[in-house]
Amino acid sequence: MRRAVCPGSFDPVTNGHLDIIARASELFDEVVVAVLVNHKKQGLFSIPERIEILSEVTADLPNVVIDSFHGLLVDFCTEHDVRSIVKGLRAVSDFDYELQMAQMNRRLADVDTVFMSTNPLYSFLSSSLIKEVATYGGDVSGLVPPTVIDRLEAKISDAAEQG
Ligand code: PNS
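Residues numbered from 1 in each chain as written. Predicted model: local features only at pLDDT ≥ 70, side-chain atom pairs only at ≥ 80, totals over all residues. Heavy atoms only, no water.

Q: Please clarify how the sheet that holds strand β2 (residues 30–36) should be interpreted in this entry.
A: Each strand in a sheet pairs with another by means of backbone hydrogen bonds, the pair being arranged parallel or else antiparallel. As summarised here, the arrangement of the five strands in space is β3-β2-β1-β4-β5, forming an open sheet in which the pairing is parallel. Two strands bound the open sheet, and with one partner strand each, they are β3 (64–69) and β5 (112–117). Along the sheet, successive strands turn relative to each other by an average axial angle of 30°, direction set aside. Note that strand β4 (residues 84–89) and β5 share six bridges and pair parallel. Pairing of Ile85 across the sheet is with Thr113, part of β5. (Pairing = 2+ DSSP bridges. Helix = DSSP H or I, 4+ residues; strand = E, 2+ residues; numbered from the N terminus. Axes fitted to C-alpha atoms, helices over the stretch in contact; angles between N-to-C directions.)

Q: Help me out: how do you make sense of the nonpolar core in this one?
A: Nonpolar side chains in soluble globular proteins tend to end up buried together. Counting 31 residues, the largest nonpolar core has Val13, Ile21, Val33, Leu54 and Val86 as the members making the most contacts within it. By residue number, the principal contributor to this core is helix α1 (residues 15–27), which donates four residues. If near-sequence neighbours (up to four positions away) are discounted, Val13 is found in contact with Leu18, Ile53, Leu54, Val57, Val144, Pro145 and Val148. (Core = buried A, V, L, I, M, F, W, Y, C linked by side-chain atoms within 4.5 Å. Buried < 20%, exposed > 50% of the residue type's maximum accessible area, 1.4 Å probe, protein only. Contact = heavy atoms within 4.5 Å.)

On their own, these measurements won't tell you what the molecule is for.
Laid out in C-alpha cells, this is it:
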C-alpha cells in the first residue's frame, strides 16, 4: 500500500491545506494527516480540536486518516510504514526551508518528500494570517472551511468576554 503523510500544525486547517490533502488522496492509497504536537507553542486550537476539525472536513475523503505526532516526523513515518511526505509549495520563499527539511528527512530515514504546487487561489494563505485577520474582524470566508469560521468566531467572542 502506498501511504503518504501530510504533516503540519493545522492551527487551523485552511482551504490551501485541504486542497493539498485532497490531491494527495488521489495519488496515494492512504493519506495520513499528522498534526504536530508542539509543547513549546500553545496555539489557538487545542490538538483535539484540530483533529476534530480535520476529521470533519476530510469526511468525504475515505482514504484520509487523521493522527498526531510529536518528535521527529521521520520517526512517525517509520512507525506507520509511510515512505512519502507530501508538502504544498506556495511560493519560492517556501522552497529553501522545505528543501532543507526534505533533504534532512531523506538523510535521517528512507522517506522522500513530494512537493505539490499550491492552488494559486490559496497561495497567499497561512494559518497565522487567517487568525490575525479573523481576530480583527476581517472576512476569511472562502479561505477556510465553514466550521473553522464558526469556531474562530466562538474563540474570538470568548476572548472578548474574558478580556
Ligand atoms: O504547519 P507547519 O507548522 O509549517 O508544519 C511544520 C512541520 C510539522 C511539517 C515540521 O515542523 C516538522 O516536520 N516538524 C517535526 C519535527 C521534525 O521532524 N523536525 C526535523 C525536520 S527536518
